[in-house]
Amino acid sequence: FLFIAIDTFLLKNNDFNFITLTLLWLFLSYKFDFSGRLSALIGLVFLLTCPFFILTYNELLAEKVSIWAYLFIIAGTVLIMLEERRLHEKKENN
């Protein structure tokens, strides 16, 4: 979360940061067996903060937070699909 907070609040808009940090999150989530629901929940929290930034006339920050929301929701979806696949393979092996 530290890298995402730094990117959101301190760095300029850079697609490389979005892609790199999203892939890092996907890798760490898969490696340490985080639930995909956690990623989706983080995405929803980001999505809920967007209107606050829009109301405070901070459109750049709202845009960055909305991008992170989208990426976390997609990451959560991918992780849930991988979890289901892993469970299906375990059932077939038993």
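Per-chain numbering applies: the sequence of each chain, read as written, is numbered from 1 onward. In keeping with the model being predicted, local features are shown solely for residues with a pLDDT of at least 70 and side-chain atom pairs are shown and tallied solely at 80 or more, while totals for entire chains, interfaces and linings include all residues. The side-chain values count all of the structure's non-hydrogen atoms but skip hydrogen atoms and water molecules.

For the rest of this paragraph, the subject is the packing of aromatic side chains. Stacked, tilted and edge-to-face are the three classes applied to pairs of Phe, Tyr and Trp rings, where Trp contributes its six-membered ring and a pair requires centres within 6.5 Å; stacked means planes under 30 degrees apart, edge-to-face means over 60, and tilted covers the rest. All told, the structure shown has six aromatic pairs when counted by the stated rule. Between F46 and F72 the ring centres are 5.8 Å apart and the planes differ by 50°, which places this aromatic pair in the tilted class. Of this pair, F46 sits in helix α3 (residues 36-55) while F72 sits in helix α4 (residues 59-93), and the two are 26 residues apart along the sequence. The pair formed by F46 and F72 is uniform in burial state, with each residue classed as buried. Ring plane angle 65° and centroid distance 5.5 Å describe the contact between F52 and F53, whose orientation is recorded as edge-to-face. Taking the relative accessible area as the measure of exposure, F52 reaches 53% and is therefore exposed. Between buried and exposed lies partly exposed: a residue is buried under 20% and exposed over 50% of the maximum accessible area for its type, with that area taken using a 1.4 Å probe on protein chains only. Looking at F53, the relative accessible area reads 14%, which means it is buried. For the purposes of this entry, the term helix denotes a DSSP run of H or I that reaches at least four residues, the term strand denotes a run of E that reaches at least two, and both are numbered from the N terminus.

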